[in-house]
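A look at the structure
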Amino acid sequence: MVVSRKIRKDKTEVSCVIKYLMFGFNVLFWLVGAVCLAIGLWAWAEKDMFNNIGKLTKISFDPALFFIITGAVIFIICFAGCIGALRENTGLLLFYCLLVGLIFAGQLIVGVLAFIYKDWVKDQIQTQVKNMIVNYREDVDLQNLIDWVQEDWLFCCGVDSYKDWELNMYFNCSSPGIETCGVPSSCCIKKDGKSFVNTQCGHDMMLKKHDFDRTTYIYTTGCIPEGQKWLQSNLIVVASVAVGIAVVQILLLCFAHNLRSDIKAQLAKWRYNRGAL
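Residues numbered from 1 in each chain as written. Predicted model: local features only at pLDDT ≥ 70, side-chain atom pairs only at ≥ 80, totals over all residues. Heavy atoms only, no water.

1. Section: the nonpolar core
Residues C157, W165, V183, M206 and I218 are the most contacted members of the largest nonpolar core, which totals 20 residues. Mapped by element, the contributors of at least two residues to this core are α4 (118–134) and α5 (140–153). Not counting residues within four places of it along the chain, the set of residues in contact with I218 comprises Y162, V183, C187, C188, I189 and M205. (Core = buried A, V, L, I, M, F, W, Y, C linked by side-chain atoms within 4.5 Å. Buried < 20%, exposed > 50% of the residue type's maximum accessible area, 1.4 Å probe, protein only. Helix = DSSP H or I, 4+ residues; strand = E, 2+ residues; numbered from the N terminus. Contact = heavy atoms within 4.5 Å.)

2. Overview of a nonpolar patch on the surface
A cluster of nonpolar side chains, namely L108, I109, V112, L113, F115, I116, Y117 and W120, defines an oily patch on the protein surface of about 890 Å² accessible area. Among the elements that take part in the nonpolar patch, helix α3 (residues 90–116) stands out by supplying six residues, more than any other. For W120, a relative accessible area of 53% translates into the label exposed. (Patch = residues over 30% accessible without salt bridge, like charges linked within 9 Å, V, L, I, M, F, W, Y side chains within 5 Å. Areas by Shrake-Rupley, 256 points an atom, 1.4 Å probe, with all protein chains shown as cover. Salt bridge = Lys/Arg side-chain N within 4 Å of Asp/Glu carboxyl O.)

3. What to know about the packing of helix α2 (residues 63–86) against α3
Packing of α2 against α3 brings their axes to within 8 Å, and their N-to-C directions diverge by 140°. Classified by chirality, the crossing of α3 by α2 is left-handed. Between α2 and α3, the contacting residues are V73, I76, I77, A80, G81, I83, G84 and A85 on the first element and L92, L93, F95, Y96, L99, V100 and I103 on the second. Among the residues forming the contact of α2 with α3, the class breakdown is 13 nonpolar, two polar and no charged. (Axes fitted to C-alpha atoms, helices over the stretch in contact; angles between N-to-C directions. Left-handed = near helix turned anticlockwise from the far one by under 90°. Nonpolar A, V, L, I, M, F, W, Y, C, P; charged D, E, K, R; others polar.)

4. Observations regarding the UniProt feature "transmembrane region" (unreviewed entry) in the protein chain
In the numbering used here, UniProt assigns the feature "transmembrane region" (unreviewed entry) to residues 20–44, 64–86, 93–117 and 235–256. Regarding residues 64–86, the helix share stands at 100% and the strand share at 0%, and the terminal C-alpha atoms are separated by 32 Å. In the segment residues 235–256, helix accounts for 100% and strand for 0%; the C-alpha atoms at its two ends are 32 Å apart. (UniProt positions renumbered as here; feature names shortened; annotations may be inferred.)

5. Considerations on α5
Here α5 contains 14 residues, and its C-alpha end-to-end distance of 18 Å stays within 8% of the 20 Å for a straight helix at 1.5 Å per residue. For α5, the complete set of buried residues consists of D141, L142, Q143, I146, D147, V149, Q150 and E151. On the buried face of α5, the contacting elements are α1 (16–46), α2, α4 and α6 (223–233). The opening residue of α5 is D139, an N-cap whose side-chain oxygen sits 3.2 Å from the backbone nitrogen of D141. F155, located one to two residues past α5, shows a positive phi value of around 50°. (Expected span 1.5 Å × (residues − 1). Polar contact = N/O pair within 3.5 Å; in protein donor to acceptor, adjacent residues only side chain to side chain.)

6. With respect to α3
Think of an α-helix as turning once every 3.6 residues; residues three or four places apart then point the same way. Taking 1.5 Å per residue, 27 residues should reach 39 Å; α3 reaches 39 Å between its end C-alpha atoms and fits that length. Of the positions making up α3, those classed as buried are L93, Y96, C97 and V100.

7. Let's talk about the state of the cysteines
For the structure on display, the rule yields four disulfides. In this model C156 forms its disulfide with C223; the gap between the sulfur atoms is 2.0 Å. Across the disulfide from C156 to C223, rotation about the S-S bond amounts to roughly 80°, and the bridge is consequently right-handed. A residue pair is termed long-range when its members are at least 10 positions apart, and C156 in the loop between α5 and α6 and C223 in helix α6 qualify at 67 residues. (Disulfide = S-S within 2.5 Å.)

8. Observations regarding unusual backbone geometry
A positive phi angle is found at F155, which is not glycine, with a value near 50°. Relative to the assigned elements, F155 resides in the loop between α5 and α6. On the basis of relative accessible area, F155 is assigned to the partly exposed category, the value being 41%. Notably, C181 is not glycine yet its phi reads approximately 60°, a positive angle. One can find C181 in the loop between α5 and α6.

9. Digging into the side chain of D213
In this structure, D213 sits in the loop between α5 and α6. At 3.2 Å, the side chain of D213 and the side chain of H210 are in polar contact.

10. With respect to the pattern of salt bridges
Taken as a whole, this structure holds seven salt bridges when the rule is applied. Ionic pairing is found between K19 and E88, a salt bridge with its closest N-O pair at 3.0 Å. Placement of the pair is K19 in helix α1 and E88 in the loop between α2 and α3, with a sequence separation of 69 residues. Overall, E88 belongs to the partly exposed group, its relative accessible area being 28%. Among the salt bridges present, the one from D152 reaches K190, with a minimum N-O distance of 3.4 Å. Placement of D152 in helix α5 and of K190 in the loop between α5 and α6 is noted, with a sequence separation of 38 residues between them. By sharing partners, the salt bridges in this structure join E151, D152 and K190 into a single network.

Below you can see the structure in the form of structure tokens.
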């Protein structure tokens, strides 16, 4: 008498630890991507950019667009990682590996090239920041970003010096407006521990009559020199963050690759067992 035996699926080859670590990390980053995407879309809706896409051609950098693109990329990649790990889908895991690998390689190449051509990179940054100053009043998010950098982060004014605000049509000394020959209030030095400054504190600060007392009212050093000083004094922290991001990417790439290999090996065993019946 022949007894047919049911061959049970052997799940021991697929590591539950790697599977759920992969799933957990990607859920976390998926939520981060969703939040970034939501912030970007909300900011665009507030500025009515959906009906005025042409404005993007006049703005050198749009923080809301940066949030949208970054959030969408993280959202898509991590969604593929989540579903691929949870459902043990080798196609999604391959898609995930390719995208994470490309991003990691791109970051590595950009980092190496930026180090080799650091003078060119510095010139490009200066050019872009000057374009941001030119468009300071054209986009509220760009204005808030520049104000935050000048007032709360680097304590600076302009690109190389406060004189760079001459590039802006509202602060240019030939402008007929009330801000002529001035600088934004974010260039002003906060005194006596105050958390705010007079919004007109930068008025006429580019005029020669303020040559003797300008440094008591506004920051006169540009944000590029101050940014270089900040980077030098926080080099270990910045390097640690960069290495930490790279390590996380490598770990996720290894998790996805190992999980995909385990799933393929398990599928091959199931097919072999079915063929042996």
